Structure formats: C-alpha cells, structure tokens
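Chains, contacts and geometry: an overview
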Amino acid sequence: MKSGKRGFWLVATAVLSLSLLFGCTGGKTTPESGGAGNGGGETTEKKIINVTFRDDGIGENGAIYKWIKELSASYPDKSVEIRPAPIQASEGDYFAKIALALKSKDTAPDIVTEDTFILNSDASAGFLEPLDDKLAGWEDWSNGSFIEALKKGVTASDGKVYGVPYNTDSRGLWYNKEIFKQAGLPEEWQPQTWDDVLNAARTIKEKAPDVVPIWMNMGKATGEATSMQTYEMLLYGTGERLYDDASGKWITKSQGILDALSFVETVNKEKLGPPLSKVLNGQAGNTASREYMPQGKLAIQLDGSWITSNYLETGASPWPEYKDVLGLAPMPTSQGQAPGSITLAGGWALSIPSNSKNKDEAWEFIKYALNKENTQKLIMYSGSITVRADVGKDPEYTSMPFKEISTEYLQNAEFRPSQEKYPEVSTQIQTMVESVATGTSPADAMNKYAQDVTRIVGAENIVEK
C-alpha cells in the first residue's frame, strides 16, 4: 500500500511540475486593458496559445525561442497571445517529457514541435490531431511551396498528416581545414570509402596529437543523435537498412550491422575519438560543435547540417571564421559503392496535440508561422535547411555558407522507417552502439540487439540476412 501511495504522489508531482513548466495552459485567457474606445476601464480576454519546444540550454537566445517571440509580437490577431513554452532537456528527455505532457488536457500545449522520427509514434498513441482537413484549405500546402518529398516525414502510417515541417537536415563530415593542412591532408577533402575516413583520423592522431581526430555520437544519453547521425549513417552506407520494406520485417542480424559496429569499434580501440567520459555524456553533441570544433580541438565531426547555427552571431558559440575554417565532405559508402555517399534526412514539424483546447487558433498561427517570409526568418536564425522550395530559391538563402551543398546531399537522402515501433527500436540501437564503444564485441552487441528488437516487435516481424 505504501508503494502505491508513493506512485500516486510521484505521478501527481510530475503533472504539477508540467503544469508549472507550461505556465498557463492553452485553455486559459489573460485580461487585456481596454483602449480609448472603452475608456480604458474595461478588459478583453486574450486566448493564450502555448508553443512547446526543446531548449537545449541556450534559453531566450535559442533560434526557436527568438522566432516565436518575434512572431508573437507581429501576429495580426491581437485577441490571441502566443507564448513560448520551452522544455529544457536533453534530446532523449525532451521526448519523454512531451509524451507525459500530451496525455493530459491540463498540461498539453496548443502547439508542439515534433521530431519527425517520433511523430508517427505520437500519432498512433492518439496524442496528435490529424491536419488533413485543415491542409486541404491551405494553398501553400498544395501549390508546390513545400518540397513534396519532405511531406513524407509528417505522414503517419495511417496515411494522415500530423504536422507541418519547419526544417529539414542532412548529414556529413565536418572537418577543420587548418588541422588538415597541419597534418598534410587535403583542405578540399573528399573521402571515397570508410578506410579513407579512418586513415585521415589516424594521420591526424599522429601529426596533431593534441586534437581529437573524429567525433561521433555513441551513447544512450545522446538519444536519437546516436541512432541517426552515427549508426544509421554507417548502416545505410553498407547498403543495408533497418527495416526490410519488401517483407515488412525488421532486420536484426546482417553483415551490414556488423560492419557498422566494427567502424565504431575501430574508432574506440585505436583511440581516434574523444574520451568516453565526453562522448557518452548527454551534452556530447554540444561539446563537439560548440567547444571542440571552434576551439581547434577537433578535426572531423560526423554530424548534421545544423551545427553551423552555433557559429552565427546570434548562436550559442559565435565563430565568424567558421565559413573559411570548416569544410563539409559527404559521408562515403563503406567501399565506395553506388551511390558513393550517404546521408540521412530528418527534421521537425509543428503539430497540434489532441488535447489542445484551442485547435483552430493554433492552426491559424501555424499557417502564419510557416508562410514564406516567416519560414525564411527561422532559417536565418537557425541555419537549418528549408522545407519550402520557394525559400530554397531565394538568394539570401543560397548565399548562406554550406546551405547549397547541404541541400545537394538530399539527392541521396535516406529516411528512418515510418513505423510505429521505430522509437523503441532506436533505443536499442543506442544501447548497442554504446556497448560496442565501451568494449563489447560487434557480434555480441548485435546478438543482444536481435533479442531486444524481437521482444519489441515480435518474432514474426524480424528477419536475419
């Protein structure tokens, strides 16, 4: 009985904490002083629309935070107040906190930023509102303003659309040209195979011993970044996939899995990466991009197109020289086989929770936020890749460093499986990669992964190759 009471209080405390976190919920209103027309003595009620997003420690200097504040000030409907409702959390913790918030009408925001990898799972759980009826009346959605291929990321397995994308991304090998020059490596680097990447790292270790040769996310604490930026970039580069579309089954054992894990093993066995205390930390990605890279302590970073947003004047780690010091090379396939390079594409969307109390007002704000002008503002703040074709043609966008090449990488882009079980499988990927990073053999790690995925999806839904 004691444990039951304790569980009750834990849940009650969590819900109360989320209520405090979001401030006023979407159903609340705030009084606004009347103007000259009513003598200033009356008040009108404003509807409050809370927009929830992840704050990774930057606070009000973050791109999304600044963007929402600016849009709130310029929003033409003055009967509605748009409020940022950030959640300060690591990537993995953000998804857990959002899932808890979306379950209750007391804590659900009116708009939530959804990573497209979790969108299908949240939609299947009934947390999100389908937007098809609303999209049918929005010309921007149907007239080619949005890149058609990227609509796939916001379409769930039931065929319905549960969000409007506001950015996308590609991944590649960021490298420091000055360190490469010091090590006798080409400043215009174009590795053709994985061996080329590893050999460059080995040369840097020898010629620039005070520098971390290569950094990849390898821990459970970095969540989806470990799954997507590291493991899936490697796995897909072998020609293998996570999910076999032909059979409708998850691939749990294959040579591609072993090859991907062997790359991780080599980096750690040869001490080509950072200390495990750094890479297994939840802030590993920020440490690499905001500290090690701009400080000249890191030569190669396998990561996403968004990292340069840190180096803008308004970013977390301003670095004006980044456009001259950094290079971006495509991640090659394992043996240089077709198509020669690989990238994974993802992105984020604005979605309306099923428990939002102001769905119509939330939708009107989404249309305003993601029109051409306001989408372009966000891209300029965040440095990410646009999802709107019309913004992609704008000279202000194409003149931004690395935007054109990052967008070109999308030609060979692969996407994560749009399967309900993917988030749970992804968690097992993170465990598998971390186990190899800490000394487990690729074969043993793969066998454990196969057992765990089979438990999650069922033996009838797995295949070995």
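Residues numbered from 1 in each chain as written. Predicted model: local features only at pLDDT ≥ 70, side-chain atom pairs only at ≥ 80, totals over all residues. Heavy atoms only, no water.

**Here's the deal with unusual backbone geometry**
For residues that are not glycine, phi is negative in most cases, and the peptide bond is trans in most cases. Pro339 follows Ala338 through a cis peptide bond whose omega is 10°. Position of Pro339 among the secondary structure elements: in the loop between strand S12 (331-332) and strand S13 (341-344). (Helix = DSSP H or I, 4+ residues; strand = E, 2+ residues; numbered from the N terminus.)

**Some thoughts on the sheet that holds S12**
Strand order across the open sheet formed by three strands is S12-S13-S15, with mixed pairing between neighbours. Whereas interior strands pair on both sides, the edge strands pair on one side only; in this sheet they are S12 and strand S15 (413-414). Pairing analysis gives two bridges linking S12 to S13, with the strands arranged antiparallel. In the sheet register, Met331 faces S13, and the bridge partner there is Ile342. Packing against the sheet, helix H9 (residues 224-237) makes contact with S12, S13 and S15, and its axis sits at approximately 140° to S13. (Pairing = 2+ DSSP bridges. Contact = heavy atoms within 4.5 Å. Axes fitted to C-alpha atoms, helices over the stretch in contact; angles between N-to-C directions.)

**Notes on the nonpolar core**
Here is a general trend for soluble globular proteins: nonpolar side chains tend to be buried in one another's company. By size, the foremost hydrophobic cluster in this structure holds 124 residues, and its most contacted members are Val164, Ile204, Tyr231, Ile300 and Leu370. Considering every element that reaches this core, the biggest residue donor is helix H19 (residues 422-437), with seven residues. Excluding anything up to four places from it in sequence, Ile300 contacts Leu173, Trp174, Tyr175, Phe180, Trp189, Val197, Ala200, Ala201, Ile204, Pro213, Ile214 and Trp215. Judged by nonpolar contacts, the second largest core, of five residues, contains Ile385, Val391, Tyr397 and Met400. (Core = buried A, V, L, I, M, F, W, Y, C linked by side-chain atoms within 4.5 Å. Buried < 20%, exposed > 50% of the residue type's maximum accessible area, 1.4 Å probe, protein only.)

**Some words on the pairing of strand S9 (residues 249-253)**
The pairing of strand S8 (residues 243-244) with S9 spans two bridges and is antiparallel. Looking at S9, one finds that Asp244 is bridged to Lys249. Where S8 folds back on S9, the antiparallel hairpin that results is connected by four residues, among which Gly248 adopts a positive phi of roughly 70°. Examined bridge by bridge, S9 and strand S16 (residues 462-464) share three bridges and lie parallel to one another. If you follow Lys253 over to S16, its bridge partner there is Glu464.

**Section: the packing of H9 against helix H10 (residues 255-269)**
Between H9 and H10, the shortest axis-to-axis distance is 8 Å and the interhelical angle comes to 130°. Judged by the inter-axis angle, H9 sits oblique to H10. The interaxial crossing formed by H9 with H10 has right-handed handedness. Where H9 approaches H10, its residues Thr230, Tyr231, Leu234 and Leu235 are matched on the opposing element by Gly256, Ile257, Ala260, Leu261, Phe263 and Val264. Looking at side-chain class alone, the contact of H9 with H10 contains eight nonpolar, two polar and no charged residues. (Parallel < 35°, antiparallel > 145°, perpendicular 65-115°, else oblique. Left-handed = near helix turned anticlockwise from the far one by under 90°. Nonpolar A, V, L, I, M, F, W, Y, C, P; charged D, E, K, R; others polar.)

**Comments concerning helix H20 (residues 442-457)**
The end-to-end C-alpha distance of H20, which contains 16 residues, comes to 22 Å, matching closely the 22 Å that a straight helix rising 1.5 Å per residue would cover. Those residues of H20 that fall on the buried side of the exposure criterion are Pro442, Ala445, Met446, Tyr449, Ala450, Asp452, Val453, Ile456 and Val457. Contacts from the buried residues of H20 go to S9, H10, H19 and S16. Gly458, located one to two residues past H20, shows a positive phi value of around 95°. (Expected span 1.5 Å × (residues − 1).)

**With respect to the sheet that holds strand S10 (residues 298-304)**
Pairing within the open sheet is mixed, and its four strands lie in the order S7-S10-S6-S11. Every interior strand has two partners, whereas the edge strands, strand S7 (212-215) and strand S11 (326-329), have only one. Averaged over all adjacent pairs, the angle separating strand axes in this sheet is 20°, with direction ignored. On top of the sheet, H9 reaches strand S6 (171-176) and S10; it is set at about 90° to S10, its chief contact.

**So, the confidence of the model for the protein chain**
Across the protein chain, the average pLDDT comes to 90, with 91% of residues at or above 70. The low-confidence segment residues 1-27, where pLDDT is below 50, has 31 contacts with residues more than four positions distant or belonging to other chains. Here residues 33-42 is a poorly scored stretch, pLDDT under 50, and it has seven contacts once near neighbours within four places are set aside; other chains count. (pLDDT = per-residue confidence, 0-100.)

**Thoughts on the environment of Leu258**
Topologically, Leu258 is positioned in helix H10. Residues Leu258 and Met233 lie 25 residues apart in sequence; the distance between their C-alpha atoms is 14 Å. When residues no more than four places from it in sequence are discounted, the contact partners of Leu258 are Pro442, Ala443 and Met446.

**Points about the packing of aromatic side chains**
Taken as a whole, this structure holds 22 aromatic pairs when the rule is applied. When the ring of Tyr75 is compared with that of Tyr368, the centres are 5.2 Å apart and the planes differ by 65°; the resulting orientation is edge-to-face. Highlighted residues: Tyr75 in the loop between helix H2 (63-74) and strand S3 (80-88) and Tyr368 in helix H14 (residues 359-369), separated in sequence by 293 residues. For the pair Tyr75 and Tyr368, one class covers both residues: buried. By the ring-pair criterion, three or more aromatic residues cluster together here, those being Tyr94, Phe95, Phe117, Trp348 and Tyr422. The ring of Tyr381 is capped by Lys66, whose NZ or CZ atom sits 5.2 Å from the centre of that ring. The ring centre of Trp141 lies 4.6 Å from the NZ or CZ of Lys151, which sits over that ring. (Phe/Tyr/Trp six-rings, centres within 6.5 Å; stacked < 30°, edge-to-face > 60°. Lys NZ or Arg CZ within 6 Å of the ring centre and 35° of its normal.)

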